[in-house]
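In case you want the letters, here they are:
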Amino acid sequence: KAGGNTFRFFDPDMQAAVDRRIIQEADLCQSLEHNQFKLFYQGLANVDHRIIGAEALLRWEHPEDGLKFPKDFIPLTEETGLILPLGHWVLDKACSQLKEWSMRPFSRNLTLSINVSGCHFHHPRFVSEVKSVLARTGADPARLMIHLNESLVIKCRQKTISIMQDLKALGIRFALDGFGAGTSSLAMLRDLPVDQLNIDGALVRNAVLHKSDATIVSSLISMGSALGLTVNAQGVESEAQMTFLATQRCDNFQGYLINHPLGPDEFEKFLVFQNGP
């Protein structure tokens, strides 16, 4: 491709990287069949420390490498198309969990949030897929919230809005993730039919350390409130952060201070302990 009269050196590190990718791709192809993916749950608390919802967090329990986080495998699933069956599995599993929670007194009022890849969200059959999963599981769509990141929205704004409107007609709600850390704008909030703003965890962590970050967080909370949106602070890890956010009238809180991500059984025990039976 470079033409004649030239030369190239072979780099064994490049071959090793290719080999790793081939192995991981083969592992991913088998992972769903072998039931290696799991959903963990992190609570969403109000100012009274009462758990009002949870976010479903995907993990890959690799038989040799141990627990893998989405950043380690989601990009490859998007490149290979495996994100579609994996995204369907997450949606189905989350809705089944919602239905189970609805039958227990300590969890029947919980909402459940899921993260959806842009590749999956913009797939032509995504809306019909959601309808089918809701019908099969019997989950209440009003208790399902979909998290969207800014890059997904910015890339295909009109298409995204159209899909959101179709799903909102079913009762599903939406949150804009990591708000304040990217290219967020008031114009985007004006156009998008979102219900919740998730303030980025990096801003939350620095809010008690730097005045500028505190000012930004305070402004985001005020803006979200003025627009009639619920404001959720992500990455809350200390009482100092929680106290600051509460004084700024933040609605909800999520992070390690509330709970580390837990499997379904452990999360239910945590719920009973936190909220009562």
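Residues numbered from 1 in each chain as written. Predicted model: local features only at pLDDT ≥ 70, side-chain atom pairs only at ≥ 80, totals over all residues. Heavy atoms only, no water.

Visitor: Teacher, can you tell me more about the pattern of salt bridges here?
Guide: Side-chain pairs of opposite charge can arise whenever the charged atoms involved come near each other. Within this structure, the stated rule accounts for seven salt bridges. The closest approach of N and O atoms between K71 and D72, which form a salt bridge, is 3.3 Å. Taking relative accessible area as the criterion, K71 reaches 67% and is therefore assigned exposed. Residue D72 is classed as partly exposed on the basis of its relative accessible area, which comes to 33%. Ionic contacts of the salt-bridge type, sharing partners, join the residues E100, R104 and E268 into one network. (Salt bridge = Lys/Arg side-chain N within 4 Å of Asp/Glu carboxyl O. Buried < 20%, exposed > 50% of the residue type's maximum accessible area, 1.4 Å probe, protein only.)

Visitor: When you look at helix 3 (residues 83–102) in this model, what are you seeing that I'm missing?
Guide: Quick reminder: α-helices carry 3.6 residues per turn. Residues three or four places apart thus point the same way. Given a rise of 1.5 Å per residue, 20 residues ought to cover 28 Å, and the 28 Å separating the end C-alpha atoms of helix 3 matches this to within 8%. Turning to helix 3, its buried residues are I83, L86, G87, W89, V90, L91, D92, A94, C95, Q97, L98 and W101. (Helix = DSSP H or I, 4+ residues; strand = E, 2+ residues; numbered from the N terminus. Expected span 1.5 Å × (residues − 1).)

Visitor: Looking at this structure, I do not really get the nonpolar core. What am I missing?
Guide: Where a protein is soluble and globular, its nonpolar side chains tend to be buried together. Ranked by size, the top nonpolar core spans 73 residues in total, and within it F121, L167 and L245 carry the most contacts. In terms of residue count, the dominant contributor to this core is helix 3 (nine residues). For L167, the residues in contact, after removing those within four places along its chain, are F121, F126, V127, V130, I146, I172 and F174. (Core = buried A, V, L, I, M, F, W, Y, C linked by side-chain atoms within 4.5 Å. Contact = heavy atoms within 4.5 Å.)

Visitor: How should the layout of surface pockets be read in this particular structure?
Guide: Any space left empty among the atoms is revealed by the rolling of a water-sized probe across them. Approximately 1,200 Å³ is the volume found for the largest pocket. What lines the largest pocket is a set of 40 residues, and nearest its centre among them are E55, L57, P70, N115 and D177. Mapped onto the lining of the largest pocket, the elements with two or more residues apiece are strand 1 (37–45), strand 2 (51–62), helix 2 (70–80), helix 3, strand 4 (111–115), strand 5 (144–148) and helix 9 (201–206). Each residue belonging to the lining of the largest pocket can be placed in one class, and the counts come to 20 nonpolar, twelve polar and eight charged. (1 Å grid on protein atoms, 1.4 Å probe; cavity = no way out; pocket = protein on both sides within 12 Å on 5 of 7 lines; lining within 4 Å. Points joined across faces, edges and corners; volume = space filled by probe spheres on them. Nonpolar A, V, L, I, M, F, W, Y, C, P; charged D, E, K, R; others polar.)

Visitor: Before we go on, may I ask you to explain the side chain of H120 in this structure?
Guide: The topology assignment puts H120 in helix 4 (residues 118–121). What H120 contacts, discounting residues up to four positions off in sequence, is L84, G87, H88, F126 and E129.

Visitor: Got a minute to help me understand the pairing of strand 5 in this structure?
Guide: For a regular strand, side chains alternate in direction, first toward one face of the sheet and then toward the other. The buried fraction of strand 5 is high, at five of five residues. The alternating pattern of strand 5 places L144, I146 and L148 and M145 and H147 on opposite faces, both of which are buried. Relative to strand 5, strand 4 runs parallel, the two sharing four bridges. Pairing of L112 across the sheet is with L144, part of strand 5. Sheet analysis places strand 5 next to strand 6 (residues 173–179), joined by four bridges and oriented parallel. Within strand 6, the residue paired with I146 across the bridge is F174. (Pairing = 2+ DSSP bridges.)

Visitor: Honestly, empty space enclosed by the protein in this entry has me stumped. Any pointers?
Guide: Applying the stated criterion across every chain, the model contains one cavity of 30 Å³ or more. The volume enclosed by the largest cavity comes to roughly 30 Å³. In terms of lining residues, the largest cavity is bounded by L98, W101, S102, S107, R108, L110, D140 and R143. Along the lines of polarity and charge, the residues of the lining of the largest cavity split into three nonpolar, two polar and three charged.

Visitor: When you look at the side chain of S107 in this model, what are you seeing that I'm missing?
Guide: In this fold, S107 is placed in the loop between helix 3 and strand 4. Among the polar contacts made by the side chain of S107, one reaches the main-chain carbonyl oxygen of W101 at a distance of 2.9 Å. In this structure, S107 is in contact with W101 and L271, ignoring residues within four places of it in sequence. (Polar contact = N/O pair within 3.5 Å; in protein donor to acceptor, adjacent residues only side chain to side chain.)

Visitor: Mind showing me how you'd approach unusual backbone geometry here?
Guide: As a rule of thumb, non-glycine residues mostly have phi less than zero, and peptide bonds are mostly trans rather than cis. Phi at N35 is positive, roughly 60 degrees, even though this residue is not glycine. As for its position among the elements, N35 is in the loop between helix 1 (12–31) and strand 1. Exposure remark for N35: the relative accessible area of 46% places this residue in the partly exposed category. If you check the backbone angles, H49 has positive phi at about 65 degrees while not being a glycine. Positionally, H49 belongs in the loop between strand 1 and strand 2. With relative accessibility at 31%, the residue H49 sits in the partly exposed group.

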